[in-house]
Amino acid sequence: MSGSNAEGEERAGSRRCPQVQVNEYKENGSSAYTSLRPIQTTTSGETAKVYLSPFSLSNSKLSLFKLSRSPAGNNSNNAVACKKADRKTICRRALTSKMKAVPSKAEPVLLKPSLDAYTDSTKLEPKSTEESVAVSVDMGSSDEDGAPNLDGFPGLSPYERKRLKNIRENANFFASLQLSESAARLRGMIKKSQPTESKRKRPKKKENEIGCRRSMRLLKVDPLGVPLPAVPAPPTLEEENPLLPPGPLEMVPENQDDSNELFKASLRTWAEMSKASKERTREGLSSIKSYKASLSGMVISEATVRKVTAGAVSSVALHPSEVRTLVAAGAKSGQIGLWDLTRDCEDQIYVFYAHSQPVSCLYFSPTNPAHLLSLSYDGTLRCGDFSSGIFEEVYRNEGSSPSSFDFLAEDASTLLMGHWDGHLSLVDRRTPGTSYEKFFNSSLGKIRTVHVHPVSRQYFITAGLRDVHVYDARHLNAKRSQPLISLTEHSKSIASAYFSPVTGNRVVTTCADCKLRVFDSSSISSQIPLLTTIRHNTITGRWLTRFQAVWDPKQEDCFIVGSMAHPRRVEVFHETGKNVYSFFGDCLVSVCSLSVMHPTRYVLAGGNSSGRLHVFMHPESC
């Protein structure tokens, strides 16, 4: 059985792979030449040709060899028959068994052929002696596969011959296109020197030629082509608000003629009514019911609304006359406006430039109502005298900006002034010429309002950034004055703080935390208790003057404050927080930030941020 199996395997091997005979002989005793003689076999009617590369070893060095050229009819050189299915590979097992006779000393290594037409796909680099045979299979090629003019390259396979033929044909095709000559001509054209640029002469524009359409506004001409008059440049800040010269200023209205006899007559009338005005009688408090009934009789109409100043109203004052209604308004532009509402069918409005910066505080003198005192940020305090028609200069300090003042003495001979930098000034008007001034340093970083106690006039209250302090004027210190009482219930910026006008037993404050607070100041001691907190919108924004709650001189338990609510109104609150009354009207369409009540009559005047005054009063008083 073993013999028959061996014989079967040998027959199968003879069918799968050709038999190779190895002949070995020595040449010159120094080199060995090995020849592999293939056996030709025909399978399925096709002849497979296998070319085996001979090699020789000389002096232990490899010598170059050439692949033998295979003629078509020579079957005794190298051709070996294989099946069509095994054309691409050679049975390594059969070759290995036949090539064991090759001595180990001469390990053949296949060198790369020296043909330039060979590529990597046609190079065989055996890894061992067993794979050192280069095989080239001709797949039944005919004579038409051979390329002409390839006699100098013997041993090339038909694939290599066809590849070289294609290369030559492509080269001839591209040569016929003459690409190199075209490229040379293009390079020559690029390398030519560029001609020097000559400035192009622009054609002259015809006079009658219609150009591009342009804005007539930019050309500063009207639709008919007539040039518009030159617009004056807007005034700068210094030109708009020049610093006024020191000394008295004549009361000349800016909105009236200098020789206006009507204004001179008005001055005489105001001076006479100031002399005739008698001292205010302090009667007992009215009941809330009767007080509310009196407020309900006050109305507003188109005749009681006028634009008095050019800028926003920053202070308002009412003349205490019983027979005439005279309203004074200080503006942020430095103007002072006077409006007499007594005349029928005539607008008695006069505007004066007494200051160069906002007028922060405005009062009629309590002893002589013919004197109107005004304080401005420009560091000046002036007194407008109706009898002489002159704005006298009471105080001047351009280095410090004052914010508020009040009369320290009942006869208005001494004034207490607060500054934005936290200082206090005591001004005595009785000294001839320039008033005597004494500086004190408060414990506040900034002072907005100053108000003197109406009964105990040695006490005064100041509103700062976050705190409200009560001082004693007898214990002021030039270095640092300590307050008697500090009201620290406020969480944001404070706009104002005022004593009640008759007894001074209450203090009302306006804070930016949307709260109005009422304190009990009946006993000034180490503490002033908080009585009432009223929720009220005090956020006026950047362009509106801040709200300031002020007491009604006739009813000291009630105070007046502007409102942001719709429709626009002015509200009156009781010290307990109850809303007593709200002033409405079709003519009130803006926010009245500052309001003031007449000391004896039921007349209310409010100013807005556009320079308008709104007056509520009884119809018979008009």
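Now for a description of the structure that goes with this document. Values in this document were obtained by computation on a predicted structure and should not be read as measured data.

Scanning the protein chain from N- to C-terminus turns up eight helices and 37 strands. When each of the 622 residues of the protein chain is scored for burial, the buried share is 42%. Counting every atom, the protein chain has about 35,900 Å² of accessible surface; 51% of that belongs to carbon and sulfur.

As a further point, take unusual backbone geometry. For the peptide bond that leads from His566 to Pro567, omega is -10 degrees, which places it in the cis range. Mapped onto the secondary structure, Pro567 falls in the loop between strand S32 (555-562) and strand S33 (570-574). Even without a glycine there, the phi angle at Gln178 is positive, about 55 degrees. Of note, Gln178 is situated in the loop between helix H3 (158-177) and helix H4 (179-191). Classification of Gln178 by relative accessible area gives partly exposed; the value is 45%. The backbone phi angle of Lys220 is positive, close to 60 degrees, even though this residue is not glycine. Tracing the backbone through its elements, the reader meets Lys220 in the loop between helix H5 (216-219) and helix H6 (237-240). Classification of Lys220 by relative accessible area gives exposed; the value is 59%.

With that out of the way, let us pick up the sheet that holds strand S34 (residues 579-583). Backbone hydrogen bonds hold the strands of a sheet together, and the pairing may be parallel or antiparallel. Taken in spatial order, the four strands of this open sheet run S31-S32-S33-S34, and their pairing is antiparallel. Pairing within the sheet leaves two strands with one partner each, and these edge strands are strand S31 (550-552) and S34. Looking at each pair of strands side by side, their axes are set apart by 30 degrees on average, direction ignored. Of the strands in this sheet, S31, S32, S33 and S34 touch helix H8 (residues 288-296), which is tilted by about 5 degrees from S34.

Next up on the list: the sheet that holds strand S37 (residues 612-617). Spatial strand order, S10-S37-S36-S35: four strands in an open sheet with antiparallel pairing. Here the strands that pair on one side only, and so sit at the sheet edges, are strand S10 (305-307) and strand S35 (594-597). Within this sheet the neighbouring strands show an average axis-to-axis angle of 20 degrees, counted without direction. Where strand S36 (residues 603-607) lies against S37, five bridges are found, and the strand directions are antiparallel. Note on S37: the bridge partner recorded for Gly607 is Leu613.

On to H3. The terminal C-alpha atoms of H3 lie 29 Å apart, and with 20 residues this matches the ideal 28 Å at 1.5 Å per residue to within 8%. Within the span of H3, buried status applies to Glu160, Arg161 and Leu164. Down the axis, H3 shows its buried residues gathered within 100 degrees of arc, on one side only. Set apart from the buried face of H3 by more than 90 degrees, the exposed residues are Tyr159 and Lys162.

Here the focus is the nonpolar core. Counting 23 residues, the largest nonpolar core has Trp270, Leu338 and Phe386 as its most contacted members. Listed by contribution, the elements that provide at least two residues to this core are helix H7 (261-276), strand S12 (326-331), strand S13 (335-340), strand S14 (348-353) and strand S15 (359-364). The element best represented in this core is H7, accounting for five residues. Among residues more than four places away in sequence, those in contact with Trp270 are Leu326, Leu338, Asp340, Tyr350 and Phe386.

For the coordinates displayed, the defined rule picks out 17 aromatic pairs. Relative to Phe386, the ring of Trp270 has its centre 5.1 Å away and its plane inclined at 55 degrees; by these criteria the two rings are tilted. Taken together, the positions of Trp270 in helix H7 and Phe386 in the loop between strand S17 (380-385) and strand S18 (390-396) put the pair 116 residues apart, joining distant regions of the chain. Here Trp270 matches Phe386 in class, with each residue buried. Note on Phe405 and Phe407: the rings are 5.8 Å apart at their centroids and 80 degrees apart in plane angle, and the pair reads as edge-to-face. There is no split in this pair, since Phe405 and Phe407 are both buried. Directly above the aromatic system of Tyr602 lies the positively charged group of Lys554, at a separation of 4.7 Å from the ring centroid.

Parameters at a glance
Residues numbered from 1 in each chain as written. Predicted model: local features only at pLDDT ≥ 70, side-chain atom pairs only at ≥ 80, totals over all residues. Heavy atoms only, no water. Helix = DSSP H or I, 4+ residues; strand = E, 2+ residues; numbered from the N terminus. Buried < 20%, exposed > 50% of the residue type's maximum accessible area, 1.4 Å probe, protein only. Areas by Shrake-Rupley, 256 points an atom, 1.4 Å probe, with all protein chains shown as cover. Pairing = 2+ DSSP bridges. Axes fitted to C-alpha atoms, helices over the stretch in contact; angles between N-to-C directions. Contact = heavy atoms within 4.5 Å. Expected span 1.5 Å × (residues − 1). Arc of directions from axis to C-beta. Core = buried A, V, L, I, M, F, W, Y, C linked by side-chain atoms within 4.5 Å. Phe/Tyr/Trp six-rings, centres within 6.5 Å; stacked < 30°, edge-to-face > 60°. Lys NZ or Arg CZ within 6 Å of the ring centre and 35° of its normal.

Distances and angles like these do not, on their own, reveal function.
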